[in-house]
Amino acid sequence: MADHSSTALRGALLVTQDDERKVFRGDVLLRDGTIEQVAPAIKGKADHELDAHRYLIAPGFVNTHTHIANALLKGTADDRGFFQFLETMFAVDAKRTEEDIEAGALLGAAEMLLGGTTGFLDMYYGEDAVARACERIGIRGFLGWVVLDPEITTQKGVPVENAAHFITRWKKHERVSPLVSLQGVYACKDDTWLKAKELAEREKVLLHYHLSETRGEVQENEKKRGKRPPEWLDSLGFLGRHQVAAHGVWLTTREIELLARKGVAVAHCPSSNMKLASGGGGICPVTELRAAGATVAMATDSSSSNNGLSMLREMHLAALAHKQQRHDPESLPAPVVLDMATRDAAKALGRERDLGQLAPGFKADLVLYDLSHPSLLPTRVENAVSNLVYSAQDDAVHTVYVQGEKVVEARRLLKLDWEKEAPNIERIASALLHPASLG
Ligand SMILES: [Zn+2]
């Protein structure tokens, strides 16, 4: 439920991420789940008044690629290559229940909210359980029911039909946006891609998929279909707007131009790519994609390949990895990385008009960082963006609003009792991670 009263947050250090990227000391007025005003001094009295001098306020992060229910699987498939990793994941997937998917989603959502992330784009099956977790904890979820070839899935029924039913069930929810996702070219044949696209167009929802994550996946597609993945998908007539492709590590110059021309956004997941050594020394060509006009957004991927969901940590790593790889300290500067985690992430989801900025008319999804936290002291207008990208730690997050509703305060989740939830999640994790379950 949105809070219908008004709230004024006064005197904070504001990192607006608006079109001028304004950073200044000022007030924010929230009403009916929306940001009504952002100004140096807002007149009048709100229903709730907060002296926010000790806070930096910024838009909440939008994490554009996760498998949130895998928060239960951290530390179960480390230090191995992509296809061995996938083998373990698929073995666990086959044994998962609605109960442990919901527990995993709740755990992942808790980690995200407490790290300043207010929205995320997810790919999994059993997304009803993820949607329920989002509603319970208060985070904004863009949830993609994963579609793959019916003959290899562990889902009951036909995946694309499951996706269609999921969309029907959750279409009218305020904080849950259902959509269609696809595992990737190694698990989906042409008919599967086209049926997913047809469904997305019919329902006017996003498409989300893994693309060119590993060299093996690209070579295998070339061998099997005579084309690299983006060219093959284009030849099917698949590529287009309202699509978010995760990874894009192995892209040629021609493919970069193709994705930009078709309006496909790319979710950059540097931790996952580096941990699985997907790039083998390379990295998603963020600079070239941006130069070609593509939208590139930040993402963590899942807790089984990251192994966390911190967008602060991911921004830090992205900025450093690109500088190192290109021998160029000016590569991926802090303001660009912050854009990728906020306004560009919103744009990737087609929500650039109401998410990702601290500006009038935008949803009140925002984060208050404690300026006295050692990782942020001293922060002022001049170094606020740099400090967020390079220095801030998750526990500098003090308060989080989603849709104007306070969901975190003083680092405590407000909509549920974590002291009660944690032992329950531990019990469910123990059953799922029993050695016999891991195969
Ligand atoms: Zn993924």
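Being a predicted model, the structure only gives us computed values, none of them experimental. (Residues numbered from 1 in each chain as written. Predicted model: local features only at pLDDT ≥ 70, side-chain atom pairs only at ≥ 80, totals over all residues. Heavy atoms only, no water.)

Novice: Give me the side chain of Glu421: which residues, what numbers.
Specialist: Topologically, Glu421 is positioned in helix H15 (residues 418–432). Taking relative accessible area as the criterion, Glu421 reaches 12% and is therefore assigned buried. Glu421 has contacts with Leu106, Arg136 and Leu416, leaving out every residue within four places of it along the chain. (Helix = DSSP H or I, 4+ residues; strand = E, 2+ residues; numbered from the N terminus. Buried < 20%, exposed > 50% of the residue type's maximum accessible area, 1.4 Å probe, protein only. Contact = heavy atoms within 4.5 Å.)

Novice: With reference to specific residues and values, describe the nonpolar core.
Specialist: Generally speaking, a soluble globular protein has its nonpolar side chains buried in company with each other. In terms of nonpolar packing, the biggest core is built from 116 residues, with Val180, Tyr209 and Tyr369 touching the most fellow members. Among the elements that line this core, the one with the most residues is helix H2 (residues 98–114), at eight residues. There are two domains that each give this core at least three residues, and those are domain 1 (6–59 + 361–412) and domain 2 (61–348). Once residues within four sequence positions are removed from consideration, Val180 is found in contact with Gly144, Trp145, Val147, Ala163, Ile167, Ala196, Leu199, Ala200, Val205, Leu206, Leu207 and His208. Listed in part, the 18 residues of the second largest apolar core include Leu14, Val38, Tyr55 and Ile57. (Core = buried A, V, L, I, M, F, W, Y, C linked by side-chain atoms within 4.5 Å. Domains from an automatic or database assignment.)

Novice: A description of the coordination of the zinc ion should follow, citing residues and the corresponding values.
Specialist: Every protein donor of the zinc ion is accounted for by His65 (NE2), His67 (NE2), His210 (NE2) and Asp301 (OD), and the metal-donor separations fall at 2.1 to 2.7 Å. Around the zinc ion, the four donor atoms sit at angles spanning 85 to 173°, and that spread fits a shape best called irregular. (Donors = N, O, S within 2.8 Å, 3.2 Å for Na, K, Ca; no water. Tetrahedral: all angles 85-135°; square planar, octahedral: opposite > 155°, others 65-115°.)

Novice: Mind laying out the sheet that holds strand S6 (residues 61–66), listing which residues take part and the relevant values?
Specialist: The eight strands are arranged S6-S7-S8-S9-S10-S11-S12-S13 in an open sheet whose pairing can be described as parallel. The outermost strands of the open sheet, each flanked by one partner alone, are S6 and strand S13 (296–298). This sheet shows a mean twist of 25° between the axes of neighbouring strands, independent of strand direction. Note: S6 against strand S7 (residues 117–124), four bridges, orientation parallel. Bridge pairing links Val62 to Gly119 in S7. (Pairing = 2+ DSSP bridges. Axes fitted to C-alpha atoms, helices over the stretch in contact; angles between N-to-C directions.)

Novice: Any details on the packing of aromatic side chains? Residues and values, ideally.
Specialist: Counted under the stated rule, the structure contains eight aromatic pairs. Measuring from centroid to centroid gives 6.0 Å for Phe82 and Tyr186, while their planes differ by 80°, and the two rings are edge-to-face. Of the two residues, Phe82 sits in helix H1 (residues 82–93) while Tyr186 sits in the loop between strand S9 (176–182) and helix H5 (190–203), which places them 104 residues apart along the sequence. Three or more aromatic residues joined by ring pairs form one cluster here, namely Phe82, Phe83 and Tyr186. Here the basic side chain of Lys197 rests over the ring of Phe238, its NZ or CZ set 6.0 Å away from the ring centre. A cation over a ring is seen here: Arg225 above Trp232, with NZ or CZ 3.8 Å from the ring centre. (Phe/Tyr/Trp six-rings, centres within 6.5 Å; stacked < 30°, edge-to-face > 60°. Lys NZ or Arg CZ within 6 Å of the ring centre and 35° of its normal.)

Novice: Tell me what's going on with unusual backbone geometry, and back it up with residues and numbers.
Specialist: A cis amide bond links Asn306 with the next residue in sequence, Asn307, at an omega value of 10°. Tracing the sequence through the fold places Asn307 in the loop between S13 and helix H11 (311–326). Of note, the bond from Leu377 into Pro378 is cis; its omega dihedral lies within 30 degrees of zero at 0°. With respect to the helices and strands, the residue Pro378 is situated in the loop between strand S14 (366–370) and helix H14 (384–390). At His247, a position not held by glycine, the phi torsion is positive, near 90°. For His247, the position within the fold is in strand S11 (residues 243–247). By relative accessible area, which is 0% here, His247 ends up buried.

Novice: Before we move on, could you go through helix H4 (residues 159–170) and cite the residues and values that matter?
Specialist: Between the first and last C-alpha of H4 there are 17 Å, a value that for 12 residues agrees with the 16 Å anticipated at 1.5 Å per step. The elements touched by buried residues of H4 are helix H3 (127–137), strand S8 (140–147), S9 and H5. (Expected span 1.5 Å × (residues − 1).)

Novice: Lay out H3 with the relevant residues and their values.
Specialist: The element H3 is extensively covered by neighbouring structure, given that eight of its 11 residues are classed as buried. Every buried residue of H3 is accounted for by Glu127, Asp128, Ala129, Val130, Ala131, Ala133, Cys134 and Ile137. Positive backbone phi, approximately 100°, marks Gly138, located one or two places after H3.

Novice: A description of the side chain of Gln17 should follow, citing residues and the corresponding values.
Specialist: Secondary-structure assignment places Gln17 in the loop between strand S1 (6–15) and strand S2 (23–31). On the basis of relative accessible area, Gln17 is assigned to the buried category, the value being 4%. Setting aside its immediate chain neighbours within four residues, Gln17 contacts Lys22, Pro59, Leu338, Asp339, Thr342, Arg343, Gly356 and Gln357.

Novice: Could you give me a rundown of the packing of H4 against H5, with the residues and numbers involved?
Specialist: Packing of H4 against H5 brings their axes to within 10 Å, and their N-to-C directions diverge by 15°. What the angle tells us is that H4 and H5 run roughly parallel. Considering how the two elements wind past one another, H4 and H5 form a crossing that is right-handed. In this structure, H4 contributes Val160, Ala163, Ala164, Ile167 and Thr168 to the contact, and H5 contributes Lys195, Ala196, Leu199 and Glu203. Taken together, the residues of the contact of H4 with H5 break down into six nonpolar, one polar and two charged. (Parallel < 35°, antiparallel > 145°, perpendicular 65-115°, else oblique. Left-handed = near helix turned anticlockwise from the far one by under 90°. Nonpolar A, V, L, I, M, F, W, Y, C, P; charged D, E, K, R; others polar.)

Novice: Break down the domain arrangement of the protein for me, citing the residues and quoting the values.
Specialist: Frequently, the measure chosen for interface size is the accessible area removed from exposure when the parts meet. Domain annotation for the protein reports domain 1 (6–59 + 361–412) and domain 2 (61–348). Between domain 1 and domain 2, the C-alpha centre-to-centre distance is 28 Å. Tallying the contact residues gives 29 residues for domain 1 and 26 residues for domain 2. Buried area between domain 1 and domain 2, summed over both chains or domains, comes out near 2,300 Å², and the portion from carbon and sulfur atoms is 55%. At the boundary of domain 1 and domain 2, one finds five salt bridges. Across the pair Glu405 and Arg175 runs a salt bridge whose closest N-O atoms are separated by 2.6 Å. (Buried area = accessible area lost by both parts, 1.4 Å probe. Salt bridge = Lys/Arg side-chain N within 4 Å of Asp/Glu carboxyl O.)

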